[in-house]
Amino acid sequence: MHMSDALVSPGVGGAMWAASAGLAAWSARRLREEMTDARVQLMGVLGAFVFAAQMVNFAIPGTGSSGHLAGGLLLAILLGPHAAFLAMFSILTVQALFFADGGLLALGCNAFNLGFWPCFVVYPLVFRRMVGDKPGRGRLTFAAVLAGAIGLQLGAFGVVLQTLFSGISELPFGTFALLMQPIHLAIGIVEGLVTAALLAFVWKARPELVLPSATGPVARPTSMRPVLVAFAALALVTGGLFSWFASTRPDGLEWSSAGTCGREEPAVLQDRWHRLCAGIQEWTAFLPGYDFKSSTTDGEPVAAAAAGTPEAAREPEESGAPHPAVSSGTSLSGVVGGAIVLALIAMVGLGLRLRGRAEQAGG
Amino acid sequence: MSHHIVEARNLEFAYPDGTAALRGASFRIEHGESVGLVGANGAGKSTLLLHLNGCLLPAGGEVRIGDVPVTRATLAQVRRSVGFVFQDPNDQLFMPTVGEDVAFGPANMQLPGEEVERRVRESLTAVGAEHLRARPPYRLSGGEKRAAAIAGVLAMSPDVLVMDEPSSGLDPRSRRRLIGLLAGFRHTKIVAAHDLDMIRELCPRTIVLHEGRVAADGPTAGMLGDRELLERCGL
Amino acid sequence: MPRIDAALREIGALDALAAQDTPVHRLDPRVKLLATAGFVLAVASSPLREFAELAPLALFPVAMLAAGRVPFRLVGRSLLLASPFAVMVGVFNPLFDREVVAHWGPLAVTGGWLSFLSILARFALTAGAALTLLATTGYVGVGSGLGRLGAPRALVTQFLLLYRYIFVLADEGARAVRAHALRSASGRPATVRVWGSLAGHLLLRAHDRGLRVHAAMLSRGFDGSMPALRPLRWGRADSVFLAACLAFFALARFGHLAENLGRLAVGGAP
Ligand SMILES: Nc1ncnc2c1ncn2[C@@H]1O[C@H](COP(=O)(O)OP(=O)(O)OP(=O)(O)O)[C@@H](O)[C@H]1O
Ligand SMILES: [Mg+2]
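All values derive from a computational prediction rather than experimental measurement.

**Q** Looking at this model, I keep getting lost on the sheet that holds strand E1 (residues 6-14) of chain B. Mind explaining?
**A** Backbone-to-backbone hydrogen bonds join strands into a sheet, with any given pair of strands oriented parallel or antiparallel. Residues and elements named next belong to chain B. Strand order in this open sheet of four strands is E2-E1-E4-E5, and the pairing throughout is antiparallel. The open sheet has two edge strands, strand E2 (20-29) and strand E5 (68-69), and neither has a second partner. Sheet analysis places E1 next to strand E4 (residues 60-65), joined by five bridges and oriented antiparallel. Residue pairing for E4: glutamate 7 is matched across the bridge by arginine 64. Strand contacts of helix H1 (residues 45-52): E1, E2 and E4, with the helix running at about 55° to E2, the strand carrying the most contacts.

This is how it looks when you write it as structure tokens:
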């Protein structure tokens, strides 16, 4: 369930990066006093364990999902939330770098979805509270399953929201949420069961790893502060970036198309609101099938029927995106140009490669 | 610490889960000695060695290196004079390349760059591993890993070398090479091993550990011939 | 996520490529990190339907890969393996956005198809850039670059340790799986219970290993900070490279290169 770069807008990606980087810096500061205890080394080695254990697994049929062991939750249990968050951050980075799983811009989103929720929310507020100080095995299992499921629900919902606000996928909120949440409920329960089986084993062999003594530094994670701080930071950053983006992006789009198509199109700018209103009307007047009443010439499109349902919740950024002028990339010349460019790039690549070979052979 | 004496007095230690691993072990090792430490699996060899550089602190009794007792306050000093080669070189080679790993210790000692470089070169040469310098540790064979791990310890120029099963997992030729290498060091050496032949070659003196206590301590030749003793200590 | 052996092989292959010595590999990791960040932002911020305008941006990864002697095949295969989520989500766009926005000759093209193509292109470019960064910089290079760019010390230290111990633990994991497979008649993967104890053993060993690594680091004077990894040198060439990259991204992002070139080719007709 990795959010992909292809579906993230810079605004959303940036906001989530800011939130996750802030959390990482804060976690690292909390750990600084403990740099000489074993926590940092354990972070590295147990992070590697989670990475390996996620691959020693049975795939969940039919979902194409790679979610297995609830790594964030397990790490939070073993290392405490701060070290666990850093470890998750690294694991996700490795996956992004080596397996193109997720991506660099989406790394902030993924760290938040798969790190923040389990480490700073689910672990202290669900898991710790449920297991108490003297849990039995059944209780431990139940807590792990519940925590795993809740964590993944939150994470999946994060993906839905990030996708929605990015406005790159056209999936309506309701549809996407209805797709994601039940699938991830199933996955979350499986993850919880798997994590519980692991915990049950460790609990029997080395209970002190699962529940370090209540006085240890690991066992004070129930403070709400990190949660509140992260939310506040996220809200601020999102609000700021988002409003900036919402106001600049549609204009930016038209400005650039106007600038390079070689003719001024002031009408486009004025037209924008007209078309926006018209677009919304067209939406509400739902027309089934294809009704090509649109005539599309550059810069003069009439919004045609969209087969989507009206989404009152659509953000201005998003409702702006489908409607502005058809700009260069969509015209035939744009496509032809794109193909030419790609051919040129392929030649450059080939040339560089051959030169490299020649150098290698020569030297 | 001109005299690299290693002394343990009535060492006691139990792991957090309650396993009593040491139950009053005592010995004294003089400057320049080579001592073998033998004992069955679980006899407490590794645990004992980990006390010698303060990786574990005793629950009872004490360890002295020279005239310095090993306590939390003297750790830095002790660790500079006691070099520790771990049982599994994977635990010890944690840096991205062999060269960086060997440089880890000297760099932590705040030595100047050229000095670090010199020590890296010298200790890699000493173990015959110059060619491994740029390689990542996880791509090495067992013997190469062992050599790199030893180089990392030598680079800190310790007075005392503590080694936990240095020959385990080596093929006969690597093992011979290692023995030759260790025989050439003039350090005070303490070698824990199941490889009694190696002990016989390297260490004039042997300590036998049994259930956390010193069961015998004396010249290797006599001890390793004592069938009854070895039998009793599970060897 | 690939199976454990395949994953190790994949990591190993990229690792070996990163150890090469080419002009691209010699660039300061920080420069490559920043250029990649700029690239990803340029791709992600380009208007959704103008997918043809993404074409010029492909120059960056293609040139880096070619000059860095990284086989395209390897990157292509990784991209295919990683693509399902983006494709699965993107494929809904043609369903939900059927507004016809362009005519390519006789073909009426809807916004949904354009944005779907755009999502595919974005995916290939951004994921390709991440792989390119790794294959030309190496994991350790990325780590030290991040450290020098101000990433927290605890994060960088554990980032490096994580990588080191992936090899050890994945190896142990692979051995455990093999041992399990040899003794399970069905050849099917472990049940949850069995998995719990198999992974549990691995975990306990990993935990003890963590403690031993800790002891080994303390034994060699670790005081909380890793000594400076390879010294990084940001030279003139690095600055020039970064500036050129960023300028190119800006040009590609705002210059409508594909459109203008296409106009030349098809004679200005829209
Ligand atoms: N981390 C640990 N936690 C709990 N008990 C431990 C731990 N490490 C070792 N022990 C126990 O302490 C005792 C001594 O172990 P130690 O590792 O010192 O033996 P050893 O002589 O080195 O054995 P070997 O020859 O197998 O290496 C054993 O009973 C062992 O089970
Ligand atoms: Mg041992």
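**Q** Got a minute to help me understand the site of ligand 1 in this structure?
**A** Residue and element names in this part refer to chain B. Around ligand 1, 15 residues are found, and the nearest of them are Asn41, Lys45, Ser46, Thr47 and His194. In the environment of ligand 1, an oxygen atom lies 3.3 Å from a nitrogen or oxygen atom belonging to the backbone of alanine 43. In this structure, an oxygen atom belonging to ligand 1 sits 2.7 Å away from a side-chain N or O atom of serine 46. Residue contributions to the shell around ligand 1 peak at three residues, all from H1. By residue class, the composition of the shell around ligand 1 is four nonpolar, eight polar and three charged.

**Q** How do you make sense of the interface of chain C and chain A when you look at a structure like this?
**A** When the parts come together, some accessible area is lost, and that loss is often what is quoted as the size of the interface. Each partner contributes residues to the interface: chain C has 121 residues there, and chain A has 116 residues. The interface formed by chain C and chain A contains one salt bridge. The partner of arginine 206 of chain A in a salt bridge is aspartate 208 of chain C, and the shortest N-O contact between them spans 3.0 Å. At the junction of chain C and chain A, the tally comes to nine residue pairs in polar contact (both at pLDDT 80 or more). At 22 residues, helix H11 (residues 192-219) of chain C tops the list of elements feeding residues into the side of chain C that touches chain A. The class makeup of the residues in the side of chain C that touches chain A is 80 nonpolar, 24 polar and 17 charged.

**Q** I'm lost on the confidence of the model for chain A in this one. Help?
**A** Detailed conclusions should not be drawn from predicted coordinates in areas where pLDDT is low. Residue and element names in this part refer to chain A. Confidence in the prediction of chain A, expressed as mean pLDDT, is 70, and 61% of residues score 70 or more. The least confident element of chain A, judged by mean pLDDT, is helix H11 (residues 316-320) at 38; the most confident is helix H5 (residues 107-131) at 92. Segment residues 59-67: pLDDT under 50, and 11 contacts once partners within four positions in sequence are set aside and those in other chains are kept.

**Q** Is there a simple way to explain the pairing of E1 of chain B in this structure?
**A** Side-chain direction in a regular strand flips from residue to residue, so the side chains alternate between the two faces of the sheet. All names here are of chain B. In the sheet, E1 pairs with E2 via seven bridges, with the strands oriented antiparallel. Bridge pairing in E2 links glutamate 7 to arginine 28. Once E1 ends, the chain turns through five residues before running back antiparallel as E2, passing glycine 18 with a positive phi of about 100°.

**Q** What is the right way to read the packing of helix H2 (residues 39-53) of chain A against helix H4 (residues 81-99) of chain A from this model?
**A** The axes of two packed helices give the description: the angle between them and the distance between them. Residues and elements named next belong to chain A. Between H2 and H4, whose axes approach to 9 Å, the crossing angle comes to 45°. It follows from the interaxial angle that H2 and H4 lie oblique. Crossing angle aside, the handedness with which H2 passes H4 is right-handed. Between H2 and H4, the contacting residues are Arg39, Met43, Gly47, Val50 and Phe51 on the first element and Ala83, Leu86, Ala87, Ile91, Val94, Gln95 and Phe99 on the second.

**Q** How should I be thinking about the coordination of the magnesium ion (ligand 2) in this particular structure?
**A** Around a metal, the ideal angle is 109.5 degrees if four donors adopt a tetrahedral arrangement and 90 or 180 degrees if six donors adopt an octahedral arrangement. Residue and element names in this part refer to chain B. The coordination sphere of the magnesium ion (ligand 2) contains the protein donors Ser46 (OG) and Gln87 (OE1), at a distance range of 1.9 to 2.7 Å. Here glutamine 87 lies in the loop between strand E6 (82-85) and helix H3 (89-92) and serine 46 lies in helix H1, a separation of 41 residues in the sequence. With relative accessibility at 36%, the residue glutamine 87 sits in the partly exposed group.

**Q** It is not clear to me how the confidence of the model for chain B should be interpreted in this structure. Could you clarify?
**A** Of the residues in chain B, 99% have a pLDDT of 70 or more, and the chain-wide mean is 90. This prediction of the complex comes with two scores: 0.80 for pTM and 0.90 for ipTM.

**Q** Sorry if this is basic, but what is going on with the environment of alanine 192 of chain B here?
**A** Note that alanine 192 of chain B resides in strand E8 (residues 188-192). Look past the residues within four positions of alanine 192 of chain B in its chain and what remains in contact with it is Leu37, Lys45, Leu49, Met163, Asp164, Glu165 and Pro166 of chain B.

**Q** Explain the interface of chain B and chain C here, please?
**A** Taken together, the 27 residues of chain B in the interface contact 26 residues of chain C. Interface of chain B and chain C: buried area, both sides summed, is about 2,300 Å²; carbon and sulfur atoms make up 55% of it. When residues of chain B are sorted by the area they lose upon contact with chain C, Asp91, Phe94 and Tyr138 of chain B head the list and together hold 29% of the total. Taken together, the connections running from chain B to chain C amount to five salt bridges. Across the pair arginine 209 of chain C and aspartate 91 of chain B runs a salt bridge whose closest N-O atoms are separated by 2.6 Å. Put simply, chain B and chain C have 13 residue pairs in polar contact (both at pLDDT 80 or more) between them. The element contributing the most residues to the side of chain B that touches chain C is helix H4 (residues 98-108) of chain B, with seven residues. Split into classes, the residues belonging to the side of chain B that touches chain C amount to 13 nonpolar, eight polar and six charged.

**Q** What am I meant to see in the pattern of salt bridges here?
**A** One side chain can pair with another of opposite charge once the charged atoms of both are near each other. By the definition in use, this model includes 29 salt bridges over all chains. Notably, a salt bridge pairs arginine 209 of chain C with aspartate 88 of chain B, separated by 3.1 Å at the nearest N-O pair. With one member in each of two chains, arginine 209 of chain C in helix H11 and aspartate 88 of chain B in the loop between E6 and H3 form a pair that bridges those chains. Look at aspartate 88 of chain B and you get partly exposed, because its relative accessible area is 23%. With a closest N to O distance of 3.5 Å, aspartate 171 of chain C and arginine 175 of chain C form a salt bridge. One end of the pair, aspartate 171 of chain C, and the other, arginine 175 of chain C, are both in helix H10 (residues 153-183), four residues apart, so they sit about a helical turn from each other.

**Q** What should I look at first to understand the side chain of histidine 207 of chain C in this one?
**A** With respect to the helices and strands, histidine 207 of chain C occurs in helix H11. The class of histidine 207 of chain C is buried, set by a relative accessible area of 10%. Setting aside residues no more than four positions away along its own chain, histidine 207 of chain C makes contact with Leu42, Leu46, Arg206 and Leu209 of chain A.

About the cut-offs
- Residues numbered from 1 in each chain as written.
- Chains lettered and ligands numbered in written order.
- Predicted model: local features only at pLDDT ≥ 70, side-chain atom pairs only at ≥ 80, totals over all residues.
- Heavy atoms only, no water.
- Pairing = 2+ DSSP bridges.
- Helix = DSSP H or I, 4+ residues; strand = E, 2+ residues; numbered from the N terminus.
- Contact = heavy atoms within 4.5 Å.
- Axes fitted to C-alpha atoms, helices over the stretch in contact; angles between N-to-C directions.
- Near = heavy atom within 4 Å.
- Polar contact = N/O pair within 3.5 Å; in protein donor to acceptor, adjacent residues only side chain to side chain.
- Nonpolar A, V, L, I, M, F, W, Y, C, P; charged D, E, K, R; others polar.
- Salt bridge = Lys/Arg side-chain N within 4 Å of Asp/Glu carboxyl O.
- pLDDT = per-residue confidence, 0-100.
- Parallel < 35°, antiparallel > 145°, perpendicular 65-115°, else oblique.
- Left-handed = near helix turned anticlockwise from the far one by under 90°.
- Donors = N, O, S within 2.8 Å, 3.2 Å for Na, K, Ca; no water.
- Buried < 20%, exposed > 50% of the residue type's maximum accessible area, 1.4 Å probe, protein only.
- Buried area = accessible area lost by both parts, 1.4 Å probe.

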